[in-house]
Amino acid sequence: MISSVDSQVVAIEEYLGQIRSHRRRGITLAAQLMNGAEQLKHVGAFLPEELLHEHNDWRETWIQLRSRGCGEQALREFLPEDAAEVDMCQWERALKLGLEICQRRRVEQEQKRQQTLEYLQKILDLRSTGDPQPLTRLQERAQELKSRLLQGEFISTEDIQIYRVFWELVLDAREGRIDEPASLNRAVQINRAFDLLLTLQVVRGQIVPTVEQSGPANPRSRTTAVKPVRRLSVVPSSPAKAVETAPPRLEIAAPATDDRREQQALEDIRNFARKSSESAKQDAPEEEPGALATAQDCLAEAADYVLETLRELPAGQAAWKSHLRHGVLFFARGLAAVRSAGAGQVTDAPQSRQVLRWLQGLVEEPDSVVERQLMSMEPIDLQKLQQLKRELGEKLYELRRPRRINRILDRIQRRLATNIDGAEQNLERWQQVVADVDELVQDEQVAPCHRELHEVLAGSVDQMPTGLLESRSMRKVLAAIDRSVADREADEALRGSPELSHNVQRAAQLLAGRKVVIIGGAPRPRTHKWLQESLGLSELVWETIGEHEATLKFQEIVQAPGVAVVLILVRWVGHGHADDIRTYCLQVRRPYVTVVRGYCLEQLAEEILQQRGDELRVGNSL
């Protein structure tokens, strides 16, 4: 029997494979349609019937695939609300995110499985100082459960929960907490699940480890130990004295240096808080985490925040100090929250105060500020805890952002460095690169002019395949790269007298003393001047255009007398606006050049010669 998470992973992977396969088919079909559209545009040829049929079949298949996906229970959790309307890229992105979530859940499930194995082994190591039969029967069932877990069988939470409750009741008896309400609740559960005699042995302290722990005893009185038994309407005979064993406590390792010792202590506090949170969540009714579990979570995340700041950021810098200061205050509030929730084992420990003093020293935070934080969570308020947890999550997300950005940049670099055979595979690779760029710009709020992103892409953008469906984010990044390349070219030219290439010289001969219009892009003045002088133009009119700006104003510009050629930078103008501008040019038979890539001098000269070289040469000879 596999877990629900495993079945979700299988369903998502299978569906994701179908979508990717259908997208690849669409990419191939798009290239064929573009070739047919070129024939339609230039010679008026019809689109082939089989191509139209294939497109209709592809469309219907996607509609059916999307409909089945919307009805798939395993996928529904991760799909957007308008899943029936969005495109395949958004489906793929949503399912990839869902797959990551399921993988994390699977890791958490495995961690819980390991914790359960630990609990079961602890139970198997117990012995009874009274009648051994009740404990023996429990251990036989625990051994069977352990064997099933080791064989990889999925076991529901309900089946394993009672063993954790049993172990916690054993701890309650050893620590003298057997008269507390939570312990009474555990005793009732054990009585229902097993038998009364086993419950009596636990609350009397007769269930002990096979190998006793060393350390000072801290038992409660015999009368106290019997109270829960009386509440169960049972009168025990000759109740035994609780076994004198030491309660578990937070053990702090001591590495070589002071900083390492304190950092290790902070890690131990975090791990202890996490385990305590898991234990508290198991006792929560209807799987709703209570104040104690939430407080322990806050303390663990605050410790994580501090540890990641110390590991990830260079010490002494402004960002390091800012994050570490927040971490110290969050850690103090986390300690206060746990203490207020009634768990003083961590907060009252000398190690916690020692770690807090060490952190205060690192950021030179006044004691008074930290003390206010320590008092800020009293009395306990679950709503405040939830707010604290949200604040911590936001700061952790901000702290981890550079690492996420670097991971995506490395992924793009690996994709582009991989040798690919075949146009279809190259197109699919670039579609993945576009998705990565979307994630950087949209999710991580990376600016289109991001320097490291440009360094990763700059050497490969000229190899981008035709037919690539560029997203808005990708177009912005490519526009920023092209502007950077053109501006750098102009800067280098102004510092010296570069020799112009053969193509540039030929284009300059055709355009010398004439007027040229460029629409799109966002050049600096010196780039504008460099292009005008290099091509020998009498005038260069360079107009920018906004994404939602009307194109009517360009009609007068491109149809003005004396314009030799109009250069349309499609990447910045957009295909819809480009069509309008081409229409204006055709109305007066004005030559135009469609520039699909950058606007550095060499690229513009090459496009002018290829698209309008003969026409401009004839115009010069008239």
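Source: prediction; values computed, not measured.

Here is what the cut-offs are and how they apply
- Residues numbered from 1 in each chain as written.
- Predicted model: local features only at pLDDT ≥ 70, side-chain atom pairs only at ≥ 80, totals over all residues.
- Heavy atoms only, no water.
- Helix = DSSP H or I, 4+ residues; strand = E, 2+ residues; numbered from the N terminus.
- Buried < 20%, exposed > 50% of the residue type's maximum accessible area, 1.4 Å probe, protein only.
- Contact = heavy atoms within 4.5 Å.
- Areas by Shrake-Rupley, 256 points an atom, 1.4 Å probe, with all protein chains shown as cover.
- Arc of directions from axis to C-beta.
- Salt bridge = Lys/Arg side-chain N within 4 Å of Asp/Glu carboxyl O.

**Re the overall build of the protein**
Right, so step 1: Per the secondary structure count, the protein includes 25 helices and six strands.
Right, so step 2: The buried share of the protein, reckoned over its 622 residues, is 44%.
Right, so step 3: Taking the contacts inside the protein whose residues are at least 6 apart along the sequence as the reference set, 74% of them involve residues at least 24 apart.
Right, so step 4: Here the protein displays about 32,600 Å² of accessible surface, and carbon together with sulfur accounts for 49% of that area.

**With respect to the environment of Gln413**
Right, so step 1: One can find Gln413 in helix α16 (residues 382-417).
Right, so step 2: Taking the relative accessible area as the measure of exposure, Gln413 reaches 46% and is therefore partly exposed.

**Some remarks on helix α20 (residues 502-511)**
Right, so step 1: Along α20, the residues classified as buried are Val504, Ala507, Ala508, Leu510 and Leu511. The buried residues of α20 occupy one face: seen down the axis, they fall within an arc of 160°. What points out from α20, more than 90 degrees from its buried face, is the exposed set His502 and Gln509.
Right, so step 2: Where α20 ends, the next residue or the one after it, Gly513, has phi of about 75°, a positive value.

**Quick notes on the pattern of salt bridges**
Right, so step 1: By the definition in use, this model includes 23 salt bridges.
Right, so step 2: Glu428 serves as the salt-bridge partner of Arg24, at 3.1 Å between the closest nitrogen and oxygen. Pair noted here: Arg24 is in helix α1 (residues 4-43) and Glu428 is in helix α17 (residues 423-443), with a separation of 404 residues, a long-range link.
Right, so step 3: Note on Arg24: relative accessible area 28%, which makes it partly exposed.
Right, so step 4: One salt bridge connects Glu168 with Arg186, and the closest N-O pair in it is separated by 3.2 Å. Of the two residues, Glu168 sits in helix α6 (residues 157-175) while Arg186 sits in helix α7 (residues 181-193), which places them 18 residues apart along the sequence. For the pair Glu168 and Arg186, a shared accessibility class is recorded, and that class is buried.
Right, so step 5: Salt bridges linked by common partners bring Arg411, Arg415, Asp436 and Glu439 together as one network.

Purely geometric stuff here, so don't read any function into it on its own.
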